[in-house]
Amino acid sequence: MRRVAIVGAGMTPFAEHFHLGIKDLLPMAVSEAVAHVDKGFDRKDIQAAWFGELVSTDGFAAGVMADSCGLLDIPVTRIENACATGNDTLRNAFYAVSSGHVDVALVVGGDKVRETSSRATFWEWMSMTRDQAWDYPLGLVAPANFALHAQRYLHESGATREHMAMVAVKNHKNAVPNPKAQLRFEISIEKVLAAPPVVTPFGLLDCTPQSDGAAALIIVAEHLAEKYTDKPIWVRGVGLGVDRVMHQHKQDMTTFPATVRAAKAAYAMAGVGPGDIDVAEVHDCFTAVEMISYEDLGFVDRFGAAKALEAGETSIGGRIPVNPSGGLKAKGHPPGATGIAQCVEIVEQLRGVASNQVDGARTGMAHNIGGPTAVSAVTILSTDVS
Amino acid sequence: MAHLQVLATHQPCWGSDARRVVGYDEDALTLAVAAGRAVVEHAPDAVTSVVLVTRDLPGLEGGTEAILLAGLGLPSSTRCSVVLGGAPAALDAISTGAPGTLVITADVEPAAGAGAALLGTSGAELGAVGRSEGSLPLKVRNTSGGTFDYDDPRLQRVRGTNAALDRLALDDKPIAVAGLGAKDAASLVQGSPAALPTTGASSVVFALADALERSAAGLVTAVEQATACVARLASGSTAVLRSARAARPFPKTQLGADASIAISLPAYERAFDSKLGLQAGQCATCGTLALPPRHRCIECGSEDPHPLTPLPRDGVVYTAVSVHVPVPGLRTPYDLAIVELGDTGVRLLTPVTGGEPATTAIGDAGTLVLRRLAVRHGIPDYGYAFEPTEGATP
Ligand SMILES: [Zn+2]
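Below is a short write-up of the structure. (Residues numbered from 1 in each chain as written. Chains lettered and ligands numbered in written order. Predicted model: local features only at pLDDT ≥ 70, side-chain atom pairs only at ≥ 80, totals over all residues. Heavy atoms only, no water.)

Brief notes about the overall build of chain B
Alright, step 1. The secondary structure content of chain B amounts to 7 helices and 24 strands.
Alright, step 2. Its C-alpha atoms give chain B a radius of gyration of 22 Å, within 12% of the compact-globule value 21 Å for 394 residues.
Alright, step 3. Relative to all contacts within chain B whose residues are 6 or more apart in sequence, the contacts with residues 24 or more apart total 69%.
Alright, step 4. Carbon and sulfur atoms provide 51% of the accessible area of chain B, an area that totals close to 16,500 Å².
Alright, step 5. Distance between charge centres in chain B, computed from 30 positive and 39 negative side chains, equals 4 Å. (Helix = DSSP H or I, 4+ residues; strand = E, 2+ residues; numbered from the N terminus. Rg over C-alpha atoms; globule rule 2.2 N^0.38 Å. Contact = heavy atoms within 4.5 Å. Areas by Shrake-Rupley, 256 points an atom, 1.4 Å probe, with all protein chains shown as cover. Lys, Arg positive; Asp, Glu negative; His and termini not counted. Charge placed at Lys NZ, Arg CZ, Asp CG, Glu CD.)

Below you can see the structure in the form of structure tokens.
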């Protein structure tokens, strides 16, 4: 097993890019990652590419990626693993480099969500992710999947909508200085609580926006890292976890076992624990999902998320700042790109150049949950090689 | 001569006391199941054949009988037939049926309701007296759903109802007349029967139930346009089961933009027995229940055959949400719940029906009822919805 370093990272802004197609966004993100490599990078060095995309747009994913980015001489593989696609794409590329078959790999994620009417999106995604006979006709729209968990979580934990609102307020505040974020404005708890209901307990401001965007990483084998940079960021741990797909088979809906499994694998590979994480990008497609994830990732005790928010433990300056980029909630959520963009943020954090810098951050985490709630991918990055 | 062993009536909760209407997830089949199911639960194993009488069939193609039997919880080997007819056809089916026959009647228009009669070897006797077919098509529906209304109540009365009854030359005034509005019926009957909530096939069961409840015996007639049927009801002991929640207006909802929900018919067919009969697969090795049934046991991994076993239809809400945003093809707000069925540990994700949206709470108790969950590419897709116990939520 070889160690693997990130030497370049880039992303497009996340936004409703009505004027840009997936074939525009992908080369933009790749070019930014290439330009980001300190000591220069020749694209010919790329030996293989992995592309994460949830929904194919404008053609089959790997082909669109290879064609639009001019990568016709290398193998390109598409990864799709629901909303965990981004971190899972990195995980697959990591294995290729780590195993010694590939020295330099390109990892790209992207999605073009706003290619259809915002309302039609509900149905299009539903048809992919629901049992055709049992769930699909019921109107189980995307927010409802997570809301079923959140309602039970509030019921059992004693947390309230105010605590959920604290997540939204925090992540919006973090997004303001982030030039890549989609919603760069502050909101108040009152505003979150007063927003129109979407699916109880989520109001409009508890929900991620619909976003387009792409993000890219260049990863290399240990022996090549210094050829490209003096500040490699090491991929220390990757983990993937799954769970029962249909909600009625999830025994305890106050937790996401997929996250617990993914985190366990990533911590074990990295040789670290929750207490070693200095900064984390956590999947906050809906506010309560960030709260449940604090617990599943081991940042706080079971049902301890509300207290942690009250104490500001996950704010910048707190014990373990979460979503300094603004998170999915305010930075945006083009699913295939989301996990890769989380890693872009963690790379910047660990290099000390993030827009909301967490002082002295040396080890960081990126986390996705999707499926809905049936697959999770976790990545642990560090300035320390071991 | 038939014996009425059990009678059941059912009225949907929507509309007013004067006129009940079907909800967006109801049709003649769901009403029929509601009425028939009450009988089946009251007298398990008594039903050997089923006849559905209605003029409001949701579909004219095959499959209706299978949906009905699955909803009733009867084996698919049960003889089942559908009769396109109104009140006279219903009275004829009930008064001439063999013991073991469950005659179900259902109406959607102009007022919604359903009734079921289980014929047995004991209970009040109902004997056929006569019938007369006539043609006076004052109201016509064609197969594509178009209607034609001649709108001449006097013609109906004189050359329809009265002429048909004259042809039957009854020697006595009937104690109940089904198939007519309350005013028209009142002038023809003796005694003081209750006003019937429907005027189609189900009005016969409502009329019989009312007569038995007030211990009236005598002639019962059923009229539709210029057709009439008459039978004689003798007093006797018949169980009468009534189901009617308080009438309520439709909640305020908003219909999302039109969108057709695709259907996979192989998926429909695979799920059918479990989904419409509310049956779980039971692991032959460890006994674990699986809903939906699955090839590999969720508990022990056994891949042996997993015969279906009926699940309880009572449940408690484990978690629930209300969807408020517009969703294409659906009416918002609507509630979705994950319900634990009886003490089986089995859960089902269901829509919530029969009440005000945005009121479903964790811990609510209720019943799983057959509903038309969606119409997908024109195909009705039936399954179970959760109906909270009346008064359980504000
Ligand atoms: Zn088993």
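Observations concerning the packing of aromatic side chains
Alright, step 1. Tallied over the full model, the rule gives 9 aromatic pairs over all chains.
Alright, step 2. Seen in terms of ring centroids, F202 of chain A and F286 of chain A are 4.9 Å apart; in terms of plane orientation they differ by 15°. Their pairing is stacked. With F202 of chain A in strand β6 (residues 202-203) and F286 of chain A in the loop between β9 (279-281) and α10 (287-296), this residue pair connects regions lying 84 residues apart in the sequence.
Alright, step 3. An aromatic cluster is defined as three or more aromatic residues linked by ring pairs; in this entry it consists of F146, F202, F256 and F286 of chain A.
Alright, step 4. Here the guanidinium or amino end of R347 of chain B rests over the ring plane of Y318 of chain B, the centre of that ring lying 3.7 Å away. (Phe/Tyr/Trp six-rings, centres within 6.5 Å; stacked < 30°, edge-to-face > 60°. Lys NZ or Arg CZ within 6 Å of the ring centre and 35° of its normal.)

Examining the pattern of salt bridges
Alright, step 1. Here the structure, examined in full by the defined rule, presents 41 salt bridges over all chains.
Alright, step 2. The salt bridge involving R2 of chain A is made with D103 of chain A; its shortest N-O contact spans 2.9 Å. Here D103 of chain A lies in the loop between α3 (85-99) and β4 (104-112) and R2 of chain A lies in the segment before β1 (4-11), a separation of 101 residues in the sequence.
Alright, step 3. Given a relative accessible area of 24%, R2 of chain A falls into the partly exposed group.
Alright, step 4. Taking relative accessible area as the criterion, D103 of chain A reaches 22% and is therefore assigned partly exposed.
Alright, step 5. Between R371 of chain B and E387 of chain B there is a salt bridge, and its shortest N-O distance comes to 3.8 Å. A residue pair is termed long-range when its members are at least 10 positions apart, and R371 of chain B in strand β23 (residues 365-376) and E387 of chain B in strand β24 (residues 379-388) qualify at 16 residues.
Alright, step 6. R371 of chain B gets classed as buried once you look at its relative accessible area, which sits at 6%. (Salt bridge = Lys/Arg side-chain N within 4 Å of Asp/Glu carboxyl O. Buried < 20%, exposed > 50% of the residue type's maximum accessible area, 1.4 Å probe, protein only.)

Limitation: the analysis is restricted to geometry and does not speak to function.
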